[in-house]
Amino acid sequence: MYIHVPWEVDYRPAIAAAQQVTVEDDTTRWVDWERTSTHPSKRQSMVLGGLVGAATLRNVPPVVRSFLLAASVVHAGKSCVFGHGWIEVRPLR
């Protein structure tokens, strides 16, 4: 049985904290690709797109780090079943 419970966490402090982050060595870029559904009754093409690449983040506050680490485990988002929403978080050496 699925029970829908709305997420009632105030995310605004995390958004404000994210403004402290410095982005370095950003090689991200937007990539679109086309996928065709193989379902017999719903054969249709769709364009999927997203960011690929890497970026180094500095001055990441703990609350923002928590969200990034959660995202690296959950892989949530639109079209995540097609591989979207995947991120890897690694410490700087």
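So, how was this worked out
- Residue indices follow the written sequence of each chain, beginning from 1 at its first position.
- For this predicted model, a pLDDT threshold of at least 70 governs which residues receive local features, and a threshold of 80 or more governs which side-chain atom pairs are given and counted, while totals over whole chains, interfaces and linings are taken from all residues.
- The basis for the side-chain values is all heavy atoms of the structure; hydrogens and waters are excluded.
- For helices the rule is a DSSP run of H or I covering at least 4 residues; for strands it is a run of E covering at least 2, with both sets numbered from the N terminus onward.
- We take the radius of gyration over the C-alpha atoms and set the globule estimate at 2.2 Å times the residue count to the 0.38 power.
- Note on classification: 1.4 Å probe, protein chains only; a residue is buried when its accessible area is under 20% of the maximum for its type, exposed when over 50%, partly exposed between these limits.
- What makes two residues a contact is simply this: any of their non-hydrogen atoms within 4.5 Å.
- Methods summary: accessible areas were calculated by the Shrake-Rupley approach with a probe of 1.4 Å, and residue burial reflects only the protein chains presented.
- In this tally, Lys and Arg are treated as positive and Asp and Glu as negative; His is ignored, and so are the chain termini.
- Throughout, a charge is located at the NZ atom of Lys, the CZ atom of Arg, the CG atom of Asp or the CD atom of Glu.
- Every helix has an expected span of 1.5 Å times one less than the residues it contains.
- Definitions used throughout: a 1 Å grid over protein atoms alone; a cavity as a set of points that fits a 1.4 Å probe which cannot get out; a pocket as an open set with protein on both sides within 12 Å along at least five of seven lines; a lining residue as one with an atom within 4 Å of a point.
- Grid points are joined across faces, edges and corners, and a volume is the space filled by probe spheres set on the points.
- Note on residue classes: Ala, Val, Leu, Ile, Met, Phe, Trp, Tyr, Cys and Pro are nonpolar, Asp, Glu, Lys and Arg are charged, and everything else, Gly too, is polar.
- Within this document, salt bridges are pairs made up of a side-chain nitrogen of Lys or Arg and a carboxyl oxygen of Asp or Glu, the two lying within 4 Å of each other.

Pulling in residues and values, what's your account of the overall build of the protein?
The helix and strand tally for the protein stands at two helices and four strands. From first element to last, N terminus to C terminus, the protein shows the α and β order α-β-β-β-β-α. Taken over C-alpha atoms, the radius of gyration comes to 17 Å for the protein, far larger than the 12 Å a tight globule of 93 residues would show. Across the 93 residues in the protein, those meeting the buried criterion constitute 15%. Sequence-distant contacts in the protein: of pairs separated by 6 or more residues, those separated by 24 or more amount to 52%. If you sum the accessible surface of the protein, you get close to 8,000 Å²; carbon and sulfur atoms cover 58% of it. Charge-centre separation for the protein: the mean point of 10 positive side chains lies 7 Å from the mean point of 8 negative side chains.

Describe helix α2 (residues 62–74), listing the residues and the values that go with them.
Here α2 contains 13 residues, and its C-alpha end-to-end distance of 18 Å stays within 8% of the 18 Å for a straight helix at 1.5 Å per residue. Directly beyond the C-terminal end of α2, a positive phi value near 55° is found at His 75.

Please set out the environment of Ala 70 residue by residue, giving values where relevant.
When you line up the elements, Ala 70 lands in helix α2. Here the alpha-carbon distance between Ala 70 and Ile 87, two residues 17 residues apart in the chain, equals 9.9 Å.

So what's going on with the layout of surface pockets? Residues and values would help.
Space inside the largest pocket adds up to approximately 1,200 Å³. If you list the elements that add at least two residues to the lining of the largest pocket, you get β2 (29–36), β3 (45–52), β4 (56–58) and α2. Taken together, the residues that form the lining of the largest pocket break down as 16 nonpolar, eight polar and five charged.

Go over the pattern of salt bridges with me, naming the residues and quoting the values.
Pairs can form between side chains of opposite charge whenever their charged atoms are close. Under the defined criterion, the tally for this structure stands at two salt bridges. A salt bridge links Arg 12 to Asp 10; the shortest N-O distance between them is 2.9 Å. One salt bridge in this structure joins Glu 24 and Arg 58, with 2.7 Å as the shortest N-O distance. A residue pair is termed long-range when its members are at least 10 positions apart, and Glu 24 in strand β1 (residues 22–24) and Arg 58 in strand β4 qualify at 34 residues. For Glu 24, a relative accessible area of 27% translates into the label partly exposed.

Any details on unusual backbone geometry? Residues and values, ideally.
Backbone geometry places Asp 25, a non-glycine residue, at a positive phi of 50°. Along the chain, Asp 25 falls in the loop between β1 and β2. Exposure remark for Asp 25: the relative accessible area of 59% places this residue in the exposed category. Even without a glycine there, the phi angle at Asn 59 is positive, about 60°. Its relative accessible area of 55% is what places Asn 59 among the exposed residues.

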